[in-house]
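Commentary on secondary and tertiary structure
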Amino acid sequence: MAPFVEVCRYKPVPLSLSSLCTCPCRSSPRKSLILPHFSEKYPNLGLIDSKALTRSRFCRIPVNRRIITAVARAESNQIGDDGEEHSRDQELQIIEEDSSVDDQKQKSRSQFKKRVIFGLGIGLSVGGIVLAGGWVFTAALAAAVLLSAREYFELVRSKGIAQGMTPPPRYLSRVCSIICALMPILTLYFGHIDISVTSAAFVVAMALLLQRGNPRFSQLSSTMFGLFYCGYLPCFWVKLRCGLTAPVLNTGIGRSWPIILGGQAHWTVGLVAILISFCGIIASDTFAFLGGKAFGKTPLISISPKKTWEGAVAGLVGCISITILLSKSLSWPQPLVSTIAFGVLNFFGSVFGDLTESMIKRDAGVKDSGSLIPGHGNNLINQTGFCLSMPL
């Protein structure tokens, strides 16, 4: 009598008996056999009749010894293959995790490198423009303001902000960008900025009221804020650089400055104040980035989730340190208390301008507002405008 094999109770897999028979000439029953899913947890070998599965938990059916041997060999091979695949999957998962960590570190290094490179490049180029002063400085500032205003009105018209408000017409956005660019030039020509701002606000308000369709208050508010944020605040650069013409005394670089370039009288209070403010804001942004990456744990504000209190403190320390170093070399301001106060003022103006830009980008649903100043938030002009508008 043929031997019997007791069937196990694990998940069965259908398998034809004829496929396991080594002798094709020998007849085999037509019933299909159901074999269990082989694994290391249940190495018992079992065969079950598919019809008897619903009637009882176990059943006995006659099988050939050769069939049992073939199934046992197949089970051992499958167990070895499953183990190799499992170990291979674990290795691939570990490699993927390591690669993701390396990508994050490389991205952080690349971002910091971009900040340093563009910070140095912008510092050298803008430093030469600031030293030139006059119409050279004003024209360069007007070009930068034009780009900033264009980016602002593009954000206002973006999908994220436009869903909750009615954006101004496109032609009016372009007109406002040109008005913002003209404000620094008018400031240099007239010596003040009140007339240009009032005239621009009147022209924009009339254009909105006389447009076709129903004018919206959201159009007026977003346009007025654009004129203030992108046009009015940067005008204080011109007012500071070209308005405060008192020379800085006892400065070493002023005494050695060539007479053909203006001599010591070229180094005015406005020039030194702009250089210190500009370098302080870049230092604040860079130190805040480094401090946040190294020690950042406590979120600063929900508007910008990546900013932390630890990064803000590092930015404050960096801004004050750079301000003190430059004030010692440029001999302005003289008292240490005034120097620290000037550094604190630059820092808070920078943070306020940065958070304002973050709020606009958050509503617009974009990560970066543009490519004017890569790696430094693209709002350095408005940050410094906030700084300079406070004491003036």
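All figures in this text were calculated on a predicted structure; none of them were measured in a lab.

1. Describing the overall build of the protein
Scanning the protein from terminus to terminus reveals twelve helices and five strands. Each of the 392 residues in the protein was classed as buried or not, and the buried ones make up 39%. Partitioning the intrachain contacts of the protein with sequence separation of at least 6 by distance along the chain shows that 68% fall at a separation of at least 24.

2. Overview of the pattern of salt bridges
Evaluation of the coordinates by the stated rule reveals two salt bridges. Two residues, Glu154 and Arg170, come together in a salt bridge whose shortest N-O distance is 3.8 Å. Within this pair, whereas Glu154 is found in helix H2 (residues 134–156), its partner Arg170 is found in helix H4 (residues 170–190), the two being separated by 16 residues in sequence. Classification of Glu154 as partly exposed rests on a relative accessible area of 42%. Of the charged contacts in the structure, one is a salt bridge between Lys307 and Asp354, with a shortest N-O distance of 3.5 Å.

3. Points about unusual backbone geometry
Trans peptide bonds make up most of the peptide bonds, and negative phi angles are found at most residues other than glycine. Omega for the peptide link from Trp332 to Pro333 comes to -10°, which places this bond in the cis form. The backbone of Ser331 sits at a positive phi, close to 60°, despite the residue not being glycine. Along the polypeptide, Ser331 turns up in the loop between helix H10 (309–330) and helix H11 (336–364).

4. Observations regarding the packing of aromatic side chains
In the structure shown here, the tally under the stated rule is eleven aromatic pairs. A centroid spacing of 5.0 Å and a plane angle of 75° characterise the contact between Tyr152 and Phe153, whose relative ring orientation is edge-to-face. There is no split in this pair, since Tyr152 and Phe153 are both buried. Judged by centre distance (5.3 Å) and plane angle (75°), the rings of Phe347 and Phe348 are edge-to-face. Classification of Phe347 as buried rests on a relative accessible area of 6%. An aromatic cluster is defined as three or more aromatic residues linked by ring pairs; in this entry it consists of Tyr152, Phe153, Phe225 and Tyr229.

5. Quick word on the UniProt feature "transmembrane region" (unreviewed entry) in the protein
Those residues carrying the UniProt feature "transmembrane region" (unreviewed entry) are residues 116–149, 189–210, 222–240, 265–290, 311–330 and 336–355 in this numbering. With 85% helix and 0% strand, residues 265–290 has its two end C-alpha atoms placed 38 Å apart.

6. Focus on the side chain of Thr187
Positionally, Thr187 belongs in helix H4. Assessed through its relative accessible area of 4%, Thr187 is described here as buried. Among the polar contacts listed, one links the side chain of Thr187 to the backbone oxygen of Met183, at a separation of 2.8 Å.

7. A closer look at the packing of helix H7 (residues 235–243) against helix H9 (residues 269–295)
Viewed as axis vectors pointing N to C, H7 and H9 meet at an angle of 140°, and their least axial separation amounts to 7 Å. Classed by the angle they form, the pair H7 and H9 counts as oblique. Residues Trp237, Leu240 and Arg241 of H7 form the contact with H9, whose participating residues are Gly270, Leu271, Ala273, Ile274 and Phe278. Of the residues belonging to the contact of H7 with H9, the class tally is six nonpolar, one polar and one charged.

8. Some words on the state of the cysteines
Joining two cysteines, a disulfide is a covalent bond between their sulfur atoms. The final tally for this structure, using the stated rule, is zero disulfides. Just so you know, Cys235 is unpaired, no disulfide at all, and the nearest cysteine sulfur is the one on Cys180, 8.6 Å from it. The exposure class assigned to Cys235 is buried, which follows from its relative accessible area of 0%.

9. Focus on H4
For H4, spanning 21 residues, the distance from its first C-alpha to its last is 30 Å, which sits close to the expected 30 Å at 1.5 Å a residue. Of all bends in H4, the biggest is about 30°, found at Met183, and the proline Pro184 comes one to four residues later. Those residues of H4 lying buried are Leu172, Ser173, Cys176, Ser177, Ile179, Cys180, Ala181, Met183, Pro184 and Thr187. At its buried positions, H4 is contacted by H2, helix H5 (194–209), helix H6 (217–232) and H7. Gly191, located one to two residues past H4, shows a positive phi value of around 90°.

10. A short note on the nonpolar core
Ranked by size, the top nonpolar core spans 44 residues in total, and within it Phe137, Val204 and Leu227 carry the most contacts. When contributions to this core are tallied by element, the ones reaching two or more residues are helix H1 (65–132), H2, H4, H5, H6, H7, H9 and H11. By residue number, the principal contributor to this core is H9, which donates nine residues. Each of two domains, domain 1 (126–243) and domain 2 (246–391), supplies a minimum of three residues to this core. Apart from residues no more than four positions distant in its own chain, Phe137 is found in contact with Ile129, Val130, Trp237, Val238, Arg241 and Ile274.

Cut-offs used in this document
In every chain, residue numbers begin from 1 and rise along the written sequence. In keeping with the predicted nature of the model, local features appear solely for residues at pLDDT of at least 70, side-chain atom pairs appear and are counted solely at 80 or more, and the whole-chain, interface and lining totals rest on all residues. The side-chain numbers reported here are obtained from all heavy atoms of the structure, hydrogens and water having been left aside. Strands are runs of DSSP state E lasting at least 2 residues, helices are runs of H or I lasting at least 4, and numbering of each runs from the N terminus. For every residue, the accessible area obtained with a 1.4 Å probe (protein chains only) is divided by the maximum for its type, and the residue is called buried under 20%, exposed over 50%, and partly exposed between those limits. By definition, residues are in contact when any of their heavy atoms lie within 4.5 Å. What makes a salt bridge here is a side-chain nitrogen of Lys or Arg within 4 Å of a carboxyl oxygen of Asp or Glu, nothing more. Put simply, two rings from Phe, Tyr or Trp (the six-membered ring, in Trp's case) pair if the centres are within 6.5 Å, and we call them stacked under 30 degrees between planes, edge-to-face over 60, tilted for the rest. UniProt positions are given in the numbering used here, feature names are shortened, and annotations may be inferred rather than shown by experiment. Polar contacts, as used here, are pairs of N or O atoms within 3.5 Å; protein pairs need one atom able to donate a hydrogen and one able to accept it. Residues neighboring in sequence count only if both atoms are side-chain atoms. The axes are straight lines fitted to the C-alpha atoms, using for helices just the contacting stretch, and the angles between their N-to-C directions are given from 0 to 180°. We call two directions roughly parallel when the angle between them is under 35 degrees, roughly antiparallel when it is over 145, roughly perpendicular when it lies between 65 and 115, and oblique otherwise. Only Asp, Glu, Lys and Arg are considered charged, only Ala, Val, Leu, Ile, Met, Phe, Trp, Tyr, Cys and Pro nonpolar, and every remaining residue, Gly among them, polar. In this description, a disulfide is simply a cysteine sulfur pair whose atoms lie within 2.5 Å. Helix span is expected to be 1.5 Å times the residue number reduced by one. The seven residues ending at a residue and the seven starting there each receive a fitted axis; the angle between those axes is the bend at that residue. The term nonpolar core refers to a set of buried residues drawn from Ala, Val, Leu, Ile, Met, Phe, Trp, Tyr and Cys, joined through side-chain atoms within 4.5 Å. Here the bounds of each domain stem from an automatic or database domain assignment.

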